[in-house]
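The residues making up each chain are set out below.
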Amino acid sequence: MPAVTVDNILTLPRVTQPTPDAVSRPVLSVSTAPKSFEGEGFPVRRAFAGVDMARLDPFIHMDQMGEVEYAPGEARGTSWHPHRGFETVTYIIDGTFAHEDTHGGGGLITDGDTQWMTAGSGLLHIEAPPEELVVSGGVFHGLQLWVNLPSHQKMSDPRYQDIRSGQVGLLSSHDGGALLRVIAGELDGHEGPGITTTPISMIHTTIAPGARMHIPWREDFNGLAYVLSGRGTVGPDRRPIREGQLAVFGSGVALEITAEDTQDARSASLEVSSVRSWPACSSATRGRSCLTRPRRCSGVSPTSGKRSAIGSFTQSGGEVSATVCPAAASTSASTSSTKERLETLPG
């Protein structure tokens, strides 16, 4: 880790250092992601577990996939499953994943590539390691983020974006101590390649041991930072944080993350995924949750025999299709904690 880097960080455009009087965002919470298994059995960490959804909005779910080194025959993926009403962003740091969906999107993503799937009115998709990885084994590490769609766009046509590693915007912190990869949105006026429906920024940062990243942060956006590997501190009070932990930031115009002088043996630097957005809940809610509970309907999946909360499935030969509940929220029917979140999404 990581897949995308540069030989000389000082040749990159630099992010402006906030002024001395800029208010740094305090840390509201640091939580530890529980470990679980997804799909056919690949290991994940549930980054948003236990965090107030009002603090996350419009982000609804994030998994760190791996990091794991598979032996031959061990690599796992998912079976066909439905999504509706939100976007899935899959970022592969190391390894390879194959994707296919019923709207014609898909392909291989590897070593710094990103797939951005807007489920919209609904589709089925499958994610799996390619056959050569199953046969040979190898490292697999990635991140999947779910972004809620505004209610008036939940029935939009599905869309797929294939973002190659070479397209990612590369930036340096003001002193060269941190490498920032802008996957989507913008940072300090520098844009990434991902086209977003909801205004967001998604950034993967590598912070050198002992370096402090101090960057401007839009005041009207929220702020989340998840540690992929390494150890450090977050916020002006330098609250400790480590691999598998999520920091939720409060209000301010700057963000601070510092790497410890000595890192873990397997990670030379502090690796952080940061996301931010303009929350979808309007100020008219006055702090109350604007999430509502939709009606539910159900069907049975022909691939698993399990009952689904999002609609009915049909199968003809090798083709699988789904009829999605008109008022259902989006779901991949994964873990119970994820299901509880999705039951409260606006429909």
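Since we're looking at a predicted model, the values are computed, not measured. (Residues numbered from 1 in each chain as written. Predicted model: local features only at pLDDT ≥ 70, side-chain atom pairs only at ≥ 80, totals over all residues. Heavy atoms only, no water.)

Some details on the environment of Ile183
Definition in use: A run of H or I in DSSP becomes a helix once it reaches four residues, and a run of E becomes a strand once it reaches two; helices and strands are each numbered from the N terminus. Partly exposed describes any residue whose relative accessible area lies between the buried limit of under 20% and the exposed limit of over 50%, with all areas from a 1.4 Å probe on protein chains only and scaled to the type maximum. Residue contacts are defined here by distance: any two heavy atoms, one from each residue, within 4.5 Å place the two residues in contact.
Residue position: Ile183 is located in strand β14 (residues 178-184). Taking relative accessible area as the criterion, Ile183 reaches 1% and is therefore assigned buried. Along the primary structure Ile183 and Val168 are separated by 15 residues, whereas in three dimensions their C-alpha atoms are 5.4 Å apart. For Ile183, the residues in contact, after removing those within four places along its chain, are Tyr91, Thr114, Ile163, Val168, Gly192, Pro193, Gly194 and Met202.

So, the sheet that holds strand β2 (residues 35-38)
We count it as follows: Being paired, for any two strands, means DSSP has found at least two bridges between them. Note on geometry: axes are C-alpha line fits, over the in-contact stretch for helices, and angles between N-to-C directions span 0 to 180 degrees.
Strand order in the open sheet made by the 7 strands is β2-β3-β4-β11-β6-β9-β12, with antiparallel pairing throughout. Of all the strands in the sheet, just β2 and β12 (159-163) have a single pairing partner and so form its edges. Each neighbouring strand pair of the sheet contributes to a mean axis angle of 20 degrees, computed without reference to strand direction.

Thoughts on the side chain of Thr88
The residue Thr88 is located in strand β6 (residues 86-94) in this model. Under the relative-accessibility criterion, Thr88 is labelled buried at 1%. If we skip the residues at most four places from it in the chain, Thr88 touches His83, Gln115, Trp116, Met117, Gln144, Leu145 and Trp146.

Thoughts on the nonpolar core
The line we're drawing: Definition of nonpolar core: a set of buried residues of the types Ala, Val, Leu, Ile, Met, Phe, Trp, Tyr and Cys, connected through side-chain atoms within 4.5 Å.
Formed by 31 residues in total, the largest nonpolar core has its most connected members in Phe48, Phe59, Leu145, Met202 and Leu224. Within the residue set of this core, elements represented by two or more residues are β4 (59-70), β6, β11 (138-148), β14, β17 (200-207), β19 (224-229) and β22 (245-249). Sequence-distant contacts of Phe59, that is, excluding residues within four places in its chain, are made with Phe48, Leu145, Trp146, Val147, Ile200, Asn222, Leu224, Val275, Arg276 and Ser277. In terms of nonpolar packing, the next biggest core, distinct from the first, is built from 24 residues, Ala178, Ala225, Ile241 and Leu255 among them.

A few points about the packing of aromatic side chains
To keep things clear, this is the line we draw: Side-chain rings of Phe, Tyr and Trp (the six-membered ring for Trp) are treated as a pair once their centres are within 6.5 Å; stacked means planes under 30 degrees apart, edge-to-face means over 60, and tilted covers the remaining angles. Over a ring means this: the NZ of a Lys or the CZ of an Arg is within 6 Å of the ring centre and within 35 degrees of the ring normal.
In the structure shown here, the tally under the stated rule is 5 aromatic pairs. Ring geometry for Phe42 against Phe140: centres 6.4 Å apart, planes inclined by 80 degrees, an arrangement best described as edge-to-face. Placement of the pair is Phe42 in strand β3 (residues 42-46) and Phe140 in strand β11, with a sequence separation of 98 residues. Take Phe42: its relative accessible area is 3%, and that puts it in the buried class. Here Tyr70 and Phe140 contribute two aromatic rings whose centre-to-centre distance is 6.4 Å and whose plane-to-plane angle is 25 degrees, an arrangement assigned as stacked. Taken together, the residues Tyr70 in strand β4 and Phe140 in strand β11 connect sequence positions 70 residues apart. The same class applies to Tyr70 as to Phe140, namely buried. Site record: aromatic cluster; members linked through ring pairs are Phe42, Tyr70, Phe97 and Phe140. Stacked on the ring of Trp217, the Lys or Arg Arg276 has its end atom at 4.8 Å from the ring centre.

Here we look at the pattern of salt bridges
To keep it simple, the criterion reads: The salt bridge definition used is simple: a Lys or Arg side-chain nitrogen within 4 Å of an Asp or Glu carboxyl oxygen.
In the structure shown here, the tally under the stated rule is 10 salt bridges. Where Arg212 meets Glu256, a salt bridge forms, and the shortest distance between an N and an O atom there is 3.1 Å. Note that Arg212 is positioned in strand β18 (residues 212-216) and Glu256 in strand β23 (residues 254-259), a separation of 44 residues in sequence. By relative accessible area, which is 29% here, Arg212 ends up partly exposed. Among the residues examined, Glu256 registers a relative accessible area of 8% and is labelled buried. Arg218 serves as the salt-bridge partner of Asp220, at 2.6 Å between the closest nitrogen and oxygen. Judged by relative accessible area, Asp220 falls into the partly exposed class, the value being 40%. Taking relative accessible area as the criterion, Arg218 reaches 34% and is therefore assigned partly exposed. Because the salt bridges share partners, they merge into one network encompassing Glu38, Arg46 and Asp63.

Functional significance is not addressed by these values, which are geometric in nature.
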